[in-house]
Amino acid sequence: MIDWNRRYVYDTESYPNAWTCGVVHCGSGTRWIFEASDRMNTLPQFCDLMRGISESGSKMIGFNNEHYDYPMIHPIIACDGNTDAARIYEKNQAIFSAGFNDWSHNIWARDRFVPQIDLFKIMHFDNL
């Protein structure tokens, strides 16, 4: 049986001047929205949540998150949120420029701060 109290669904978006991430706790429905832009910077709070998720033994769920979303957030967590939207967007562009079969941006499971469940892989959409 799945312990929904230890599952978080998330998605990220990146633009030249803004990065956002929405997270939903599956057990309670609690929602968080994080932003890095000229308007606001909630990256420290984002890193706090990621530490809490990691320390609780929880997992994050996304769609294509192993190939995109997690490689985007890993450097943010690694620098404890000490970055900005422009640097995050550079990572976004590097991932998109690399192509789908380029694994140079992959963060292997053993190196991740937070375990991932990728619905893209579970549904085998990567085998089309």
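First, a word on scope: everything that follows refers to the structure included in this document. (Residues numbered from 1 in each chain as written. Predicted model: local features only at pLDDT ≥ 70, side-chain atom pairs only at ≥ 80, totals over all residues. Heavy atoms only, no water.)

A word on the overall build of the protein chain
The following threshold applies: Counting from the N terminus, the helices are the DSSP runs of H or I reaching at least four residues and the strands are the DSSP runs of E reaching at least two. Radius of gyration here uses only the C-alpha atoms, and the compact-globule reference equals 2.2 Å multiplied by the residue count raised to the power 0.38. Using a 1.4 Å probe on the protein chains alone, a residue whose accessible area is under 20% of its type maximum counts as buried, one over 50% counts as exposed, and one in between counts as partly exposed. Contact between two residues is taken to exist if any of their heavy atoms lie within 4.5 Å; hydrogens are not considered. Residue-level accessible areas treat just the shown protein chains as cover; the underlying method is Shrake-Rupley with a 1.4 Å probe. The sign given to each residue is positive for Lys and Arg and negative for Asp and Glu; His and the chain ends receive no count. To locate a charge, take NZ of a lysine, CZ of an arginine, CG of an aspartate or CD of a glutamate.
Scanning the protein chain from terminus to terminus reveals four helices and five strands. Secondary structure elements of the protein chain occur, N-terminal to C-terminal, as β-β-β-α-β-α-α-β-α. Rg of the C-alpha trace for the protein chain: 14 Å, near the compact-globule value of 14 Å for 128 residues, within the 12% margin. Along the three orthogonal principal directions, the C-alpha set of the protein chain runs to about 40 × 35 × 25 Å. When burial is assessed residue by residue, the protein chain has 41% of its 128 residues classed as buried. Taking as baseline every contact in the protein chain between residues at least 6 positions apart, the subset at least 24 positions apart corresponds to 61%. Accessible surface computed for the protein chain: about 7,400 Å², of which carbon and sulfur atoms make up 54%. For the protein chain, the centre of its 11 positive side-chain charges and the centre of its 16 negative side-chain charges are spaced 6 Å apart.

So, the packing of aromatic side chains
To describe a pair of aromatic rings, you give the distance between the ring centres and the angle between the ring planes. Inclusion rule: By convention, a stacked pair of Phe, Tyr or Trp rings (six-membered ring in the case of Trp) has centres within 6.5 Å and planes under 30 degrees apart, an edge-to-face pair has planes over 60 apart, and any other such pair is tilted.
The tally for this structure, following the rule as stated, stands at five aromatic pairs. Note on phenylalanine 34 and phenylalanine 46: the rings are 5.3 Å apart at their centroids and 70° apart in plane angle, and the pair reads as edge-to-face. Residue phenylalanine 34 is found in strand β3 (residues 31–37), and its partner phenylalanine 46 is found in helix α1 (residues 43–55); the two are separated by 12 residues along the sequence. Its relative accessible area of 0% is what places phenylalanine 46 among the buried residues. Taken together, a centroid distance of 5.3 Å and an interplanar angle of 85° make the contact between phenylalanine 63 and phenylalanine 120 edge-to-face. Residue phenylalanine 63 is found in the loop between β4 (59–62) and α2 (65–78), and its partner phenylalanine 120 is found in helix α4 (residues 119–122); the two are separated by 57 residues along the sequence.

Focus: the packing of α2 against helix α3 (residues 85–98)
Two quantities define a packed helix pair, namely the angle between the axes and the distance from one axis to the other. Our working definition: What counts as an axis is a line fitted to C-alpha atoms, over the stretch in contact for a helix, and the angles between N-to-C directions run from 0 to 180 degrees. Crossing handedness follows the turn of the near helix against the far one: under a right angle anticlockwise gives a left-handed crossing, and clockwise gives a right-handed one. In this classification, the charged set is Asp, Glu, Lys and Arg, the nonpolar set is Ala, Val, Leu, Ile, Met, Phe, Trp, Tyr, Cys and Pro, and all remaining amino acids, among them Gly, are polar.
Contact geometry for α2 and α3: axes closest at 10 Å, N-to-C directions at 145°. By crossing handedness, the relation of α2 to α3 is classed as right-handed. Facing His67, Tyr68, Pro71, Met72, Pro75 and Ile76 of α2, the residues of α3 in contact are Ile88, Lys91, Asn92, Ile95 and Phe96. Of the residues in the contact of α2 with α3, the class split is eight nonpolar, two polar and one charged.

Notes on the pairing of strand β1 (residues 7–15)
Walk down a regular strand and you will see the side chains alternate between the two sheet faces. Test applied: By this definition, two strands are paired if DSSP reports at least two bridges between them.
Here three bridges tie β1 to β4, and the two strands are oriented parallel to one another. Across the sheet, residue tyrosine 8 finds its bridge partner in β4, namely methionine 60. The pairing of β1 with strand β2 (residues 18–25) spans eight bridges and is antiparallel. By the bridge assignment, tyrosine 10 is partnered in β2 with valine 23. Hairpin connection of β1 to β2: two residues between the antiparallel strands.

Overview of α3
The following threshold applies: The span one expects for a helix is its residue count, reduced by one, times 1.5 Å. Taken from the helix axis, the directions to the C-beta atoms give the arc we talk about.
The terminal C-alpha atoms of α3 lie 20 Å apart, and with 14 residues this matches the ideal 20 Å at 1.5 Å per residue to within 8%. When α3 is considered as a whole, its buried residues turn out to be Ala85, Ile88, Asn92 and Ile95. The arc that holds every buried residue of α3, seen down its axis, measures 85°, which confines them to one face. In α3, the exposed positions that point more than 90 degrees away from the buried face belong to Arg87, Glu90 and Ser97. Residues of α3 that are buried make contact with β1, β2, β3, α1 and α2. Looking one or two residues past α3, glycine 99 carries a phi angle of roughly 90°, positive in sign.

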